[in-house]
Amino acid sequence: MPKIYGTGVYDFRRHRVAEYPVVAEAPLLPEMASQSKPASDFPSSITLTDIQRDRLTRIAAENWAISADSEIKKPFSPELVKEIYCSELTVTGGRKTVPLQRVMILEVSQYLENYLWPNFNPKSSSFEHVMSMMLMVNEKFRENVAAWICFYNRKDLFASFLERVLHLKEEKSLTISEKINYLLFMINSFQSLEDEIVSETIMRLAGLESWLSLSYGRLQIELCLNEKLIKKWKRVVKRAKDTAKQGKLTDVSTIVEANFLRNLMLEFLQVLDMEVFPRKSHESGSMPDANDINDIDDGCVLYCERFMEFLIDLLSQLPTRRFIRPLVSDIGLVSKCHLSTLHRHEKGKLFVQLVDLLKYYEGFEIDDHKGRQMTDDEVLQAHYRRFQAFQLLAFKKIPKLRELSLTNIGAIDKRDNLVKKLVSFSTEELRDCVCRKLKLVTKDDPWSERVDFLQEVMVSFFEKQKSQKEAINALPLYPNERIMWDESLVPSINYSGEGCLALPKLNLQFLTLHDYLLRNFNLFRLESTYEIREDIQEAVPHLLSYINSEGETAFRGWSRMGVPIKEFKITEVKQPNIGEAKPSAVTAEITFSISSYKAQIRSEWNALKEHDVLFLLSIHPSFEPLSAEEAEKATVPQRLGLQFVRGCEVIEIRDEEGTLMNDFTGRIKRDEWKPPKGELRTVTVALDTAQYHMDVCDVAEKGEADVYSTFNILMRRKPKENNFKAILESIRDLMNETCIVPDWLHDIFLGYGDPSAAQWTNRPDLLEKVDFKDTFLDAAHVKESFPNYQVHFVNPDGSDNSHPSAPFRIKFPTDAKQRVRYVPISETSKMVMEHDSEKVELLVEAYIPPDPGPYPQDQPNKNSVRFTPTQVQAIISGIQPGLTMVVGPPGTGKTDTAVQILNVLYHNCPSQRTLIITHSNQALNDLFEKIMERDVPARYLLRLGQGEQELATDLDFSRQGRVNAMLVRRLELLSEVERLAQSLQLPEDVAYTCETAGYFWLLHVYSRWEQFLVACSENHDNPTFVQDRFPFKEFFSNTPKPVFAGLSYEEDMRAAQGCFQHLKTMFQELEECRAFELLKLTVDRSNYLMTKQAKVVAMTCTHAALKRKDFLNLGFKYDNLLMEESAQILEIETFIPMLLQRQEDGYARLKRCILIGDHHQLPPVVKNMAFQKYSHMDQSLFTRFVRLGIPYIELNAQGRARPSLATLYNWRYKELGDLPSVKVKDIFLKANAGFCFDYQLIDVADYHGRGESAPSPWFYQNEGEAEYIVSVYIYMRLLGYPADKISILTTYNGQKLLIRDVLNRRCAPYDFIGLPHKVTTVDKFQGQQNDFVLLSLVRTRFVGHLRDVRRLVVAMSRARLGLYVFCRRSLFEQCYELQPTFQILLQRPHQLALNLSETTAYTDRCVEDTGPVQLISGLEEMAELVNYQIHQVYQARAMTDHPIQFSVSEEDGSKSMDVDGVASANGEDTETVHDINSNGSEPVSFSMEEVDTGI
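Values in this document were obtained by computation on a predicted structure and should not be read as measured data.

*Asks:* Can you explain the overall build of the protein? Please cite residues and give values.
*Replies:* In terms of helices and strands, the protein carries 57 helices and 39 strands. When burial is assessed residue by residue, the protein has 57% of its 1495 residues classed as buried. Taking all contacts inside the protein whose residues are at least 6 apart in sequence as the whole, residues at least 24 apart take part in 77%. Accessible surface, the protein as shown: approximately 63100 Å² in total, 50% of it carbon and sulfur.

*Asks:* Give me the lowdown on empty space enclosed by the protein, citing residues and values where you can.
*Replies:* All chains considered together, the criterion is met by 11 cavities of 30 Å³ or more. Of the pockets and cavities examined, the largest cavity occupies roughly 100 Å³. Taken together, 16 residues form the lining of the largest cavity, with Ile312, Asp313, Ser316, Lys505 and Arg519 sitting closest to its centre. Looking at side-chain class alone, the lining of the largest cavity contains eight nonpolar, four polar and four charged residues. Taken as a whole, the second largest cavity encloses approximately 60 Å³ of empty space. Lining of the second largest cavity is provided by Leu902, Leu905, Tyr906, Cys909, Gln912, Thr914, Lys1095, Val1096 and Asn1120. Element by element, the count of residues in the lining of the second largest cavity is highest for helix 36 (residues 894-908), at three residues. Looking at the lining of the second largest cavity residue by residue, the classes come out as five nonpolar, three polar and one charged.

*Asks:* An account of unusual backbone geometry is needed here, citing residue identities and associated values.
*Replies:* Put simply, alanine 806 and proline 807 share a cis peptide bond, and its omega is 5°. We note that lysine 439 has phi near 55°; this positive angle belongs to a residue other than glycine. With respect to the helices, strands and loops of the structure, lysine 439 is situated in the loop between helix 23 (427-437) and helix 24 (451-462). For lysine 439, a relative accessible area of 32% corresponds to the partly exposed category. Phi is positive for glutamate 1125, close to 55°, though the residue is something other than glycine.

*Asks:* If you had to explain helix 33 (residues 743-750) to someone new, which residues and values would you point to?
*Replies:* Residue pairs spaced three or four apart in an α-helix point in one direction, given the helix's 3.6 residues per turn. Residues Trp744, Leu745, Ile748, Phe749 and Leu750 constitute the buried set of helix 33. Looking at the buried side of helix 33, the elements it contacts are helix 27 (513-539), strand 18 (882-887), helix 45 (1131-1135), strand 23 (1152-1157) and helix 47 (1181-1187). Just beyond helix 33, the residue with positive phi is glycine 751, at close to 100°.

*Asks:* Give a detailed account of the sheet that holds strand 19 (residues 914-918), specifying residues and quantitative values.
*Replies:* The strand order across the open sheet formed by seven strands is 20-21-19-22-23-18-24, and the pairing between neighbours is parallel. The outermost strands of the open sheet, each flanked by one partner alone, are strand 20 (941-943) and strand 24 (1193-1194). One ladder, built from four bridges, connects strand 22 (residues 1120-1123) with strand 23; its direction is parallel. Residue asparagine 1120 lies in a different strand from strand 23, and its bridge partner there is arginine 1152.

*Asks:* Hey, could you go over the pairing of strand 30 (residues 1286-1290) for me, with residue numbers and the actual values?
*Replies:* Burial analysis of strand 30 places five of its five residues in the buried class, the great majority of the element. Residue alternation in strand 30 divides its side chains into two sets, Ile1286, Ile1288 and Thr1290 and Ser1287 and Leu1289, and both sets are buried. In this structure, strand 30 lies alongside strand 32 (residues 1330-1336), joined through five bridges in parallel fashion. Within the sheet, the bridge partner assigned to isoleucine 1288 lies in strand 32 and is leucine 1334.

*Asks:* Lay out the pattern of salt bridges in plain terms, naming residues and giving numbers.
*Replies:* This model, assessed by the stated rule, comprises 93 salt bridges. Residues glutamate 487 and arginine 533 are paired through a salt bridge, measuring 3.8 Å at the closest nitrogen-oxygen approach. Taken as a pair, glutamate 487 in the loop between helix 26 (481-484) and helix 27 and arginine 533 in helix 27 lie far apart in primary sequence, 46 residues in all. Using a relative accessible area of 40% as the deciding quantity, one classes glutamate 487 as partly exposed.

*Asks:* Mind laying out the packing of helix 51 (residues 1263-1279) against helix 52 (residues 1293-1306), listing which residues take part and the relevant values?
*Replies:* Where helix 51 contacts helix 52, the two axes come as close as 9 Å, and the packing angle between them is 45°. By the angle between their axes, helix 51 is oblique relative to helix 52. Both helix 51 and helix 52 take part in a crossing whose hand is right-handed. Facing helix 51, whose interface residues are Glu1263, Glu1265, Ala1266, Glu1267, Val1270, Ser1271, Tyr1273 and Ile1274, helix 52 presents Gln1295, Leu1298, Ile1299, Val1302, Leu1303, Arg1305 and Arg1306. Residues that form the contact of helix 51 with helix 52 fall into these classes: eight nonpolar, two polar and five charged.

*Asks:* Explain the packing of helix 5 (residues 100-108) against helix 7 (residues 127-142) to me, and be specific about the residues and the numbers.
*Replies:* Contact pair helix 5 / helix 7: the axes reach a minimum separation of 10 Å and the direction vectors enclose 95°. The angle between the axes of helix 5 and helix 7 places the two elements in the roughly perpendicular class. Contacts between helix 5 and helix 7 involve Leu100, Val103, Met104, Leu106 and Glu107 from the first element and Leu135, Met136, Glu139, Lys140 and Arg142 from the second. Residues of the contact of helix 5 with helix 7, tallied by class, amount to six nonpolar, no polar and four charged.

*Asks:* I'd like a rundown of the state of the cysteines, residues and numbers included.
*Replies:* One pass over the structure, following the stated rule, counts zero disulfides. Here cysteine 1073 stays free of any disulfide, with the sulfur of cysteine 994 as its closest cysteine sulfur at 5.4 Å.

*Asks:* Break down a nonpolar patch on the surface for me, citing the residues and quoting the values.
*Replies:* Together, Tyr999, Leu1002 and Leu1003 make up a nonpolar patch on the protein surface, roughly 350 Å² of accessible area in all. Given the relative accessible area of 54%, leucine 1002 is considered exposed.

*Asks:* Give a detailed account of a positive patch on the surface, specifying residues and quantitative values.
*Replies:* A cluster of like positive charges, contributed by Lys231, Lys232, Lys234 and Arg235, occupies part of the molecular surface. Mapped onto the fold, arginine 235 is located in helix 13 (residues 229-246).

*Asks:* Account for the packing of aromatic side chains, naming residues and giving values.
*Replies:* Applying the stated criterion across every chain yields a total of 77 aromatic pairs. Here tyrosine 360 and tyrosine 361 contribute two aromatic rings whose centre-to-centre distance is 5.0 Å and whose plane-to-plane angle is 65°, an arrangement assigned as edge-to-face. As far as burial versus exposure is concerned, tyrosine 360 and tyrosine 361 are alike and both buried. Relative to tyrosine 708, the ring of tyrosine 692 lies with its centre 5.2 Å away and its plane at 55°, an arrangement referred to as tilted. You can see tyrosine 692 sitting in helix 31 (residues 689-702) and its partner tyrosine 708 sitting in the loop between helix 31 and strand 13 (713-715), a full 16 residues away along the chain. The pair tyrosine 692 / tyrosine 708 is uniform in exposure class, with both members buried.

Scoring rules and cut-offs
Residues numbered from 1 in each chain as written. Predicted model: local features only at pLDDT ≥ 70, side-chain atom pairs only at ≥ 80, totals over all residues. Heavy atoms only, no water. Helix = DSSP H or I, 4+ residues; strand = E, 2+ residues; numbered from the N terminus. Buried < 20%, exposed > 50% of the residue type's maximum accessible area, 1.4 Å probe, protein only. Contact = heavy atoms within 4.5 Å. Areas by Shrake-Rupley, 256 points an atom, 1.4 Å probe, with all protein chains shown as cover. 1 Å grid on protein atoms, 1.4 Å probe; cavity = no way out; pocket = protein on both sides within 12 Å on 5 of 7 lines; lining within 4 Å. Points joined across faces, edges and corners; volume = space filled by probe spheres on them. Nonpolar A, V, L, I, M, F, W, Y, C, P; charged D, E, K, R; others polar. Pairing = 2+ DSSP bridges. Salt bridge = Lys/Arg side-chain N within 4 Å of Asp/Glu carboxyl O. Axes fitted to C-alpha atoms, helices over the stretch in contact; angles between N-to-C directions. Parallel < 35°, antiparallel > 145°, perpendicular 65-115°, else oblique. Left-handed = near helix turned anticlockwise from the far one by under 90°. Disulfide = S-S within 2.5 Å. Patch = residues over 30% accessible without salt bridge, like charges linked within 9 Å, V, L, I, M, F, W, Y side chains within 5 Å. Lys, Arg positive; Asp, Glu negative; His and termini not counted. Charge placed at Lys NZ, Arg CZ, Asp CG, Glu CD. Phe/Tyr/Trp six-rings, centres within 6.5 Å; stacked < 30°, edge-to-face > 60°.

Okay, structure coming up:
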């Protein structure tokens, strides 16, 4: 445990370790000990033996658990359910609503699926039975696994279950923990509205029937504001009366739809007012200071927080908001929360934040019934109309407010002014005004007798609300120390999902685009805040701050990412812009020294450039180290001695002599650049003007310290992790723009309207006839691709074609309303067609393409892929306007499909521009490399971003590279023009510039061609006429083959047209080069290339977000957006690429949006668990569209893996089959040499009495699996398997590093073994593949995050030929979510089956033939086997005089291994580095400085 002098003891046992190993003798602090546990308080302490011996495990085995050695189960016992609930699932007091450990054990044992649900009876099942089912559903949501899927086998009964839930409170009085669990179930239900079995019942509660419980006055107000609802309301009242009569009820408001939500709200107010603080606290009759009350019920506080979350969810979705918002206002719930004791208590901090969020959504700027966002002007006019009506009422009927009625609104619509006007009112007068005249609340409400409540209701109704847009514009983009360590906003890594947070959620629907952007802005800002906080907590302790003898802060240590500041001064504060209070710009200069750093770290500091983000820290530790008791109570900033944090952006950096460094604006020419001099560096930075204004105001108004005079540390971050500011600026800019999304996408984007409205078949502006170019290989391919049509081949003139050949043009049939009659492939099975005559006729035009030219480079590259019918369907949808969504399971040719869409789109719409977006550089390069191989000219391709240099091509597709290529091409073309002029016996100066070449084309080339055509029209009968009279015959004398044969006029004429096409293309290219000839500056040329020349522009989503402002300023335009890996991209990072251009006449230019991804694989990476679990920030736009029911095309034939391997994951997809290639190619038919099976699950027992271990949170390791996998890898290498064909995967970062260490110890020293192609986590390997995969699942206590089926799909689909899974069978076979895969795996022996008769990597054995089977009993036997084989290699080499070659060092040996970023429990990048001693002892932490891991 490191001891930091001057700041006390600080704990580094987090998911990221310290930079330097420092030993300390201080004990672990109790507070930090709890934080170090991953996700909850038990996984790090409970063992597998404990679980097996547990009472619940035994009960499960006897009654419902399914395992290999299952016995006959006992009959269902209601008493057992009741006993389990009462003894195991209930808690008393505190913020714990359930004993989490007990719930997890029950849920993992499939208590719900195998016992509760199969035996549920809506009439006879007990209260405990229903509550137990609700708890299990809540736990599934907490674990982020499918919660409702088990109910699908009895859908009709599920509605009865929900009815029981709605009436559950009538059966029994609930404890506070039961109320919380009940509320949490309702929250989860309202968050699952896309699930039909849930929404049918739940949405009844949020319908117009809920207005039956409104007060009479509020009901009249709402019906007056929405007159169209009056008829509907009358029908609701009539229907309710009929229902009441049938149920023999006297009051219609007592039916469940009418009173359920109102009763919940009243119950909440009862808890808030009476139970949070025991009544004895208020016996005195006066309201004491809230913080003087120490007797507080934490369970009730949690209930209040959860209820706020529930209401926020209801008001933030339009379907539930419409009728619930008046109910919330009628009760005056927000006002009552503001006046509650909890709102003023120190333990109510989270509650206050949630109330503010609820108030924001209650007053959100939207027309609830039209679903239309209100403009700022409309909001202001509505406010004025409301206030003017109040003034008119006051003038007529309230004499005391006569003065208010005559005052201008701007002078009295502030809260303070309104309160002053109401002070003179008596309680009865105020009650009469609010309840009878304004009808804001009912006079029957007990709170209506409180003056403060009446004032709060009236003031909050009439005061002018601050525009959220203004609030966002005034918000600093950089986080400060207050936000960073606010756990309710930025929770720590160990968030378990048990509590709620003051965070917005990303669910199915959003109120408006403004709401969408605001939620994403807040979440992205807080997620980046969390990452910055982690970096600060990692860097600061190594500076070893202390107070020196002069009383100033000094530093004993050093940090790679933080450097002491020599001097800081603010150099300029510019005047505010008109209408703003904050300065328009604030700049400062920071001087620091890099003298104490080594060359590598110096170069990192010297690499700072414009727009890089830095952080200014003010550190002032206590003079004496904190005691253990003080440290326990201290916050993290107090333990670090950290006082202030402010962000800034680099403007420029200069060396000791004042010379500008890293200038990319052109102020310094490349040939004038010199290395930086000296050790002092001066950075000019731009401070956040909003934050500066707030700080200065605090100094002036509150007398607080001057923050900017205290900075003593400058901190930087890794460049790839430091792009948050540009993205936040992009989001903020979008919020200040008006119409930004195309009309055809707007409603669907927000989650409303017809899900298929944006599909191409429903769009008006279709391409009537599509030239598919090389999409179809032959006529048979066309017929295969359209099984639902009667395909009829014709010639261009309309006559029948009995011998059609590619290429083809297709015109889809339309109905009387000119709508396309297109039948998707997926509907083939639904159609019963006995005769082809019943099918719709599809006219396919076969045509002969024009001759492209006589030279080899003129011939177009052609497609060789035989696209499946589903891929063709995706191509058709992609080239037509509208939204296209393609789900691409592993190995189904997503990239080939995307490339063909681009190819066909380019040829059918040559004037349109397409933007390609991917998540990773690797995927973008794969896509781009395939585009280069197609018939799209290279001059129209542009690759932006940092990954361009990784392209596998000699051509440079960056902006500079394309400019240079155009200039080189210009010279080549001008030389060709010069040769053409010579062949025509004309002066050579026509090829001086592109402009003169253009004149030459018009005057001499095109005119000669026209004369030639006129002459040819009169000489069709002369077969040699074309050959004799062709005007450019001499120019084409250098073709590889003679251009003309002189045997046929038609053939020679076609060749002549090809030659002319070559000339036409040549002069067209010259015309395109003309701009590069006129523009002299490189930057102007590159900008022109991007905005005008390039037809296909590719970049990553990160680059798009970072450069959006630049794209807008340059006038970048595009018509089509194709997004690969879209299921791996954050919502907002998918949204921003749609908006990289300005509107045209108020309309968005975007015509097509093509999203390609796979929502069944892993989602975007979000590092903070709270943002993942609570806010659903890891939901991609692609996944949300799928959940909304938007039609998509799912590719259904994989060509990556053996069919047997594909069965391990194809169950997750609708109809995923296999391409013919994987059934006939020899490589897929032959067995894996040395193995009896092509896939197998290997059960790994405890190694040295231990299974999994967790030396630090989320850092799981399993030494037995690591050693076993490495032994199998050695076995494969000794057989002759190539190392680059083997990848080792694992589900945890800790195991990855452990396996690497074992490999370095056991394999790297031997040249005949070496290291595998890659050792990484499953998360990092998504999108990649290899022939053989060895997979370690690590866990032996709980399944962990592999319960996420998306991770399972990725893990099972990475191997092409062989997959060997090492895990604890008894654990994974019981996991409900993984059953489809593990049932297949467990059909084979769970001991590794080897064929020891095969001694090479090649075998003729068929994959179905196991050969002689040798079962390996365990790790020890496998180790003995490979040791014996290595000994044989020794002997063989000794006999042939070939000594064994050892690597000089393990570090050198590891350099051939692919090293990637470390992935934590949920696939996140971290910087934790752990290693294992060569003797297999406990993992040891190494510092980032001492071990170069390449991370």
